[in-house]
Amino acid sequence: MLGRQIAQLLRVALPLGALALLSTVFLVPRGIDPQLAVDVSQIDVEDLARDPRVGGARFAGMTRDGTAVTISAQTVRSTEDLQDNGPIHLLLDAPDGELQFSSGRKAVFRGQEGRIDQAQDEITVQGSVMLETSDGYRVNMAELISAIETTHVQGFGGITGHGPAGDITADSLELTQTDAQSGGYLLAFKGNVRLIYFPDD
């Protein structure tokens with residue numbers, strides 16, 4: 001469901017964004033302030049025309065098991081012709097994501113770059129990735145992969161962070177939904193897990 005909504009939005013938004021860009025190029029008045037021309041010259045118009053993108057994009061949908069998913073990014077670019085009806089593949093700059101469970105609990109993540117691959121049913125986020133849950137876990141990793149159609153998040157590349165009980169390190173992690181009706185989820189740390197426990201005072 002989320003994948004179809006993303007596809008429909010991008011097939012309209014990216015061509016319109018490219019059209020708006022070209023309109024500004026051809027509607028520049030003939031009388032140009034030389035000082036302004038210096039500032040405008042810093043923009044690579046040819047690159048933008050070759051590689052149209054949408055700024056401040058935001059997508060929202062629901063997984064099959066009832067988790068609300070929101071993805072936003074500074075810019076979104078397509079690597080394929082959006083006029084085709086096939087699966088979409090998008091590149092994200094500075095992506096942010098949120099999983100909102102029916103119980104009101106949530107998990108958020110962000111990174112430096114990412115992609116949405118509808119064919120592989122996954123959203124990938126890389127570069128100093130942070131995952132934080134409303135239950136008090138905040139961890140960092142090299143890469144995070146979240147499924148599009150179901151509630152399934154995996155973290156790789158070494159996990160470091162802390163939770164309610166203390167500091168945690170692990171090789172990887174996995175977040176899954178335990179019960180769609182109750183809105184519960186399970187956050188599991190895997191491979192060489194180490195917890196430095198800090199007892200309450």
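Here we summarise the structure given alongside this text.

Let's talk about the side chain of Thr63
Phase 1: Within the secondary structure, Thr63 is located in the loop between strand S1 (53-62) and strand S2 (68-78).
Phase 2: For Thr63, a relative accessible area of 5% translates into the label buried.
Phase 3: A distance of 2.5 Å separates the side chain of Thr63 from the side chain of Asp65, its partner in a polar contact.
Phase 4: Among all residues touching Thr63, those that are not within four sequence positions of it are Val69, Ile148, Glu149, Thr150 and Thr151.

What to know about the packing of aromatic side chains
Phase 1: With the rule as written, the count across this model stands at two aromatic pairs.
Phase 2: A ring pair is formed by Phe101 and Tyr185, whose centres lie 4.9 Å apart and whose planes are at 20°; its orientation type is stacked. Linking Phe101 in the loop between strand S4 (96-100) and strand S5 (106-110) with Tyr185 in strand S13 (residues 184-190), this pair joins segments that are 84 residues apart in sequence.
Phase 3: Residues Tyr137 and Phe189 carry aromatic rings whose centres are separated by 6.1 Å and whose planes lie at 45° to one another, so their mutual orientation is tilted. Taken as a pair, Tyr137 in the loop between strand S7 (122-133) and strand S8 (138-147) and Phe189 in strand S13 lie far apart in primary sequence, 52 residues in all.
Phase 4: With a relative accessible area of 28%, Tyr137 lands in the partly exposed category.
Phase 5: On the accessibility criterion, Phe189 (18% relative accessible area) is buried.

Some remarks on unusual backbone geometry
Phase 1: With a phi close to 50°, Ala94 is a non-glycine residue in the positive phi region.
Phase 2: Of note, Ala94 is situated in the loop between strand S3 (89-93) and S4.
Phase 3: A residue is classified by how much of its surface remains accessible, and Ala94, at 24% relative accessible area, is partly exposed.
Phase 4: If you check the backbone angles, Ser128 has positive phi at about 50° while not being a glycine.
Phase 5: Within the secondary structure, Ser128 is located in strand S7.

The rules behind these values
Residues numbered from 1 in each chain as written. Predicted model: local features only at pLDDT ≥ 70, side-chain atom pairs only at ≥ 80, totals over all residues. Heavy atoms only, no water. Helix = DSSP H or I, 4+ residues; strand = E, 2+ residues; numbered from the N terminus. Buried < 20%, exposed > 50% of the residue type's maximum accessible area, 1.4 Å probe, protein only. Polar contact = N/O pair within 3.5 Å; in protein donor to acceptor, adjacent residues only side chain to side chain. Contact = heavy atoms within 4.5 Å. Phe/Tyr/Trp six-rings, centres within 6.5 Å; stacked < 30°, edge-to-face > 60°.

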